Amino acid sequence: MPRSTIPLLPSKSRRSSLDLSRRQLLAAAGAGAAALRLEQRGVQAQATSSRTVVFSHTSVVTVDAVQDDVALAIDGDKIAAIGATDAIVKTYPNAEIYDGRGKVLLPGLINCHAHLAATLERGFNEDFGFPNSARLAIRPASLLQGEEGTLMVTIGALEAIRTGTTTIVENSGGISRSAAALAQTGLRCVFAESVRDSENVAGPMSPEGLARSETPRFSPRLRDEGMQRINDLFTTWHGAKQGRISVFPAAALAETASPELLQAIRTFAEKHDLGYTIHLSQSRAEVDFMVRHHGVRPPAFLAKHGFLGPRLFAAHCRYVDNADIALLGKSGTIISHQAAMAANRGVIPPIAALRAAGCPIANGTDNNTNDLFEVMRVALLTERISRNDPNPGLRPQPEDMLEDATLGGARAVRQAKLLGSLEVGKKADLIVVNTQRAHLVPAGRIVSAWIHNGQPSDIESVIVDGQFIMRNRKVLTMDEDGIVAEADKVGRRIWRQVQAAGPVAVPGRSRQQ
């Protein structure tokens, strides 16, 4: 489908035409024809149909072992067999054969914390601390028009596919606006609808917000409206796309949640056998706010109101002390570690101590980027530095990082029996890595070589539910060129408007942007 050439001008008629053109583009990219009322035009792209596929003479990676020169068979949406190539080809004589020589198969990566629409703020949000300290005259997100928010979600999903993610947790409010687009990308999705019920706490807490803060007031109306959004999203989407879509409840922030909201979130999750999530201990200002107004630190506040536990995956936990760590570990709370964004913020959570206390670890990307492969590498290096071991550089190992990004994520999204490893009977969610690259040969241990030296471009194919959503580096579920061009156009327009409204002062640099 040709891309829109309509100028991005603010007139009502042109904006209406632009919205229609963008809807057509997003539909072709997998935005969901029903939601956009374009189904009759036949513009929806589909992933390769499910069928039996045998990867021959390949290597299959599990966390603790690599099986070389074997075959893996996918039948429908499941892994059907792993073993000698000749035997498996004989068992499945009508299967499509994918030549696996020089390739390794790994479990698909599971991203447990993403804000896909925040791709809009790439090249800005990474460099101003947390919360973002730049005082822009106008917020970039406020300049999005029509379907442009969904466009940002879609470009984020495109990056996720290209970098090896097969399951993603989208944590935001109002997910229904982009749910169809995200579902049609072919990714396995968890929609974590985020709710807050504070009337007078904006959050996330900043030093300036802390200085002018007052006793939190909570609104039953906001709470009820938020829980209704969760219920509506759950009713519409949970179990959709042959079970590929799940819906979890989420409390946005500790500082914006009442005890009643925390209880409502947990009750909903238990009723429907779901996980749930929250941002936790992200900043010193958050910790100080909770102590000032609630008398306890954030993890203790959650513990007091029954929110900690093995269904909870808490994002960040950058500012936790020994007592916090003990509470989190004793409760079995899962920690979603956004290592790359934490490094951007200049604060790495005490992951080694959280592991030792009994917290399972999963991985996430957070804002701006959706590259979980890079998260594994940053997580490995920063944890090694932070451990301060007598003999440094031994722990953790790359296999630990792969486990966090696969089995750890599967536990967090409550699908450990189906996802996270390449085993017969599990879902066929996997990635194909081309090892015949200058930076990957020779390799004594392929998991180590790939996490230390690899690049996302090593990933040549991605399969979810037995279907190729990327094959031979071509994404099959969206018009990649059109989406990239449109996102670039929108981004350039918005950042021109931001810069026209006032200069962007880069910390430590005299030149303004």
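Rules behind the numbers
All residue numbers refer to position in the chain's written sequence, counted from 1. In view of the model being predicted, local features appear only for residues whose pLDDT reaches at least 70, and side-chain atom pairs are presented and counted only at 80 or more, with totals across whole chains, interfaces and linings using the full set of residues. By convention in this description, side-chain values take in all heavy atoms of the structure and omit both hydrogens and water. For every element, the axis is a line fit to its C-alpha atoms; helices are fit only across the contacting stretch, and the angle between N-to-C directions ranges from 0 to 180 degrees. Per the convention used, a helix needs a DSSP run of H or I reaching at least four residues, while a strand needs a run of E reaching at least two, with both numbered from the N terminus. In this scheme, roughly parallel covers angles under 35 degrees and roughly antiparallel covers those over 145, while 65 to 115 is roughly perpendicular and the rest are oblique. Contacts are assigned to residue pairs with any non-hydrogen atoms lying within 4.5 Å of each other. Classification convention: Asp, Glu, Lys, Arg as charged; Ala, Val, Leu, Ile, Met, Phe, Trp, Tyr, Cys, Pro as nonpolar; all other residues, Gly among them, as polar. Partly exposed residues are those whose accessible area sits between 20% and 50% of the maximum for their type, while under 20% is buried and over 50% is exposed, using a 1.4 Å probe and protein chains only. At least two bridges found by DSSP between two strands is the condition for calling them paired.

Asker: Looking at this structure, how should I read the packing of helix H16 (residues 398–412) against helix H17 (residues 446–453)?
Answerer: In helix packing, the relevant descriptors are the interaxial angle and the interaxial distance, both defined with respect to the helix axes. Where H16 contacts H17, the two axes come as close as 9 Å, and the packing angle between them is 80°. In terms of axis orientation, H16 runs roughly perpendicular to H17. Taking contact as the criterion, the partners of Pro398, Glu399, Met401 and Leu402 in H16 are, on H17, Val447, Ser448, Ile451 and His452. Split by residue class, the contact of H16 with H17 holds 5 nonpolar, 2 polar and 1 charged.

Asker: Sorry if this is basic, but what is going on with the pairing of strand S9 (residues 245–253) here?
Answerer: Moving residue by residue along a regular strand, the side chains alternate between the two faces of the sheet. Extensive coverage of S9 is indicated by the burial of 9 of its 9 residues. Where strand S8 (residues 188–195) and S9 come together, 7 bridges link them in parallel fashion. From the neighbouring strand, Val190 faces S9, where its bridge partner is Ser246. Strand direction decides the pairing type here: S9 and strand S10 (residues 276–280), joined by 2 bridges, are parallel. In the strand pairing of S10, Ala250 is matched with Thr277.

Asker: Just to check I follow, could you spell out helix H10 (residues 284–294) for this structure?
Answerer: Given 3.6 residues per helical turn, the α-helix brings residues three or four places apart onto the same face. Among the residues of H10, Ala285, Glu286, Val287, Phe289 and Met290 are the ones counted as buried. Tucked into the core, H10 has its buried residues touching helix H6 (207–211), S10 and helix H11 (298–304). One or two positions beyond H10, positive phi appears at Gly295, with a value near 80°.

Asker: Before we go on, may I ask you to explain unusual backbone geometry in this structure?
Answerer: Working note: non-glycine residues mostly have negative phi, and peptide bonds are mostly trans. Geometrically, the link from Gly203 to Pro204 is a cis peptide bond, its omega value of -5° lying close to zero. Here Pro204 is to be found in the loop between S8 and H6. Here Arg395 and Pro396 are connected by a cis peptide whose omega angle stands at -5°. Turning to its location among the elements, Pro396 is positioned in the loop between helix H15 (372–387) and H16. We note that Asp273 has phi near 55°; this positive angle belongs to a residue other than glycine. Positionally, Asp273 belongs in the loop between helix H9 (259–272) and S10. The backbone of Asn388 sits at a positive phi, close to 55°, despite the residue not being glycine. You can see Asn388 is positioned in the loop between H15 and H16. On the accessibility criterion, Asn388 (69% relative accessible area) is exposed.

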